[in-house]
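A structural walkthrough
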Amino acid sequence: MIEEAGLEEHVEMDAGGDAAAEAAIGKHMKMKGGIDAIFGLYNQATIKAYEVLQNKNISVPERVSLIGFDDFALASTLRPSITVVSQAVEEMARAATRLLLQHMSGELTAPQQVEIGVRLIVRQSCGCTATARV
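Residues numbered from 1 in each chain as written. Predicted model: local features only at pLDDT ≥ 70, side-chain atom pairs only at ≥ 80, totals over all residues. Heavy atoms only, no water.

Counting residues in hydrophobic clusters, the biggest one holds 18 residues, and the most contacted among them are Ile25, Met29, Ile38, Leu53, Val64, Leu66 and Ile82. Every element with two or more residues in this core is listed here: helix 1 (18-30) and helix 2 (43-55). Looking at this core element by element, the count peaks at 4 residues for helix 2. (Core = buried A, V, L, I, M, F, W, Y, C linked by side-chain atoms within 4.5 Å. Buried < 20%, exposed > 50% of the residue type's maximum accessible area, 1.4 Å probe, protein only. Helix = DSSP H or I, 4+ residues; strand = E, 2+ residues; numbered from the N terminus.)

Encoded structure:
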């Protein structure tokens, strides 16, 4: 999907710590064209990216869009508020419990695939216009 849009992806899996996140963001900002967006794979990565961008006076979303995977308590109150992909945690827990109990009782003997949807919560940090929100 990224390639279809004519974009290049840069993946940093080791940028969880303070210094590593700052170095990774700094490195990518200095690359030709810099970066347009950051997608935090977990809450702490999203929060750290937000903090680094703020400390470096990099404007969110005017210069870099920020989206996180999974909602967190302060995501809606930060300024700009953080766009997130929200997981249905309670539904995940119910499904896991049901499968575990079925397995323990012998009703379930083969692996099961469970599909649980996510929801995009569009807030200020992605830079989307009101008409682009779904």
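This part covers the layout of surface pockets. If you add up the space inside the largest pocket, you get close to 1,200 Å³. In terms of lining, the largest pocket is formed by 32 residues, of which the most central are Ile2, His10, Ala37, Ile38 and Phe39. The set of elements that each furnish at least two residues to the lining of the largest pocket consists of helix 1, strand 1 (37-40) and helix 2. Of the residues contributing to the lining of the largest pocket, the split by class is 20 nonpolar, 5 polar and 7 charged. (1 Å grid on protein atoms, 1.4 Å probe; cavity = no way out; pocket = protein on both sides within 12 Å on 5 of 7 lines; lining within 4 Å. Points joined across faces, edges and corners; volume = space filled by probe spheres on them. Nonpolar A, V, L, I, M, F, W, Y, C, P; charged D, E, K, R; others polar.)

In the predicted model, the chain carries a mean pLDDT of 88, and the fraction of residues at 70 or more is 93%. Per-element confidence in the chain is highest for strand 3 (residues 83-87), whose mean pLDDT is 96, and lowest for helix 1, whose mean pLDDT is 84. (pLDDT = per-residue confidence, 0-100.)

Here the focus is helix 3 (residues 89-105). Its 17 residues give helix 3 an end-to-end C-alpha distance of 24 Å, which sits within 8% of 24 Å, the value for a rise of 1.5 Å per residue. Just downstream of helix 3 lies glycine 106, where phi reads positive at about 90°. (Expected span 1.5 Å × (residues − 1).)

Looking now at the packing of aromatic side chains. For the structure shown, the criterion picks out 1 aromatic pair. Ring centres 6.4 Å apart and planes at 70° place the aromatic pair phenylalanine 39 and phenylalanine 69 in the edge-to-face group. Of this pair, phenylalanine 39 sits in strand 1 while phenylalanine 69 is found in strand 2 (residues 65-69), placing the two residues 30 residues apart along the sequence. With a relative accessible area of 42%, phenylalanine 39 lands in the partly exposed category. Note on phenylalanine 69: relative accessible area 26%, which makes it partly exposed. (Phe/Tyr/Trp six-rings, centres within 6.5 Å; stacked < 30°, edge-to-face > 60°.)

What follows covers the pattern of salt bridges. Inspection of every chain in the model, using the stated rule, returns 2 salt bridges. We note a salt bridge from glutamate 51 to lysine 48, for which the minimum N-O separation is 2.4 Å. Of this pair, glutamate 51 and lysine 48 both sit in helix 2, 3 residues apart, which is roughly one turn of that helix. Aspartate 71 is paired through a salt bridge with arginine 123; the nearest N and O atoms lie 3.1 Å apart. With aspartate 71 in the loop between strand 2 and strand 3 and arginine 123 in the segment after strand 4 (118-121), this pair connects stretches of sequence that are 52 residues apart. Residue classification places aspartate 71 among the partly exposed positions, given a relative accessible area of 26%. (Salt bridge = Lys/Arg side-chain N within 4 Å of Asp/Glu carboxyl O.)

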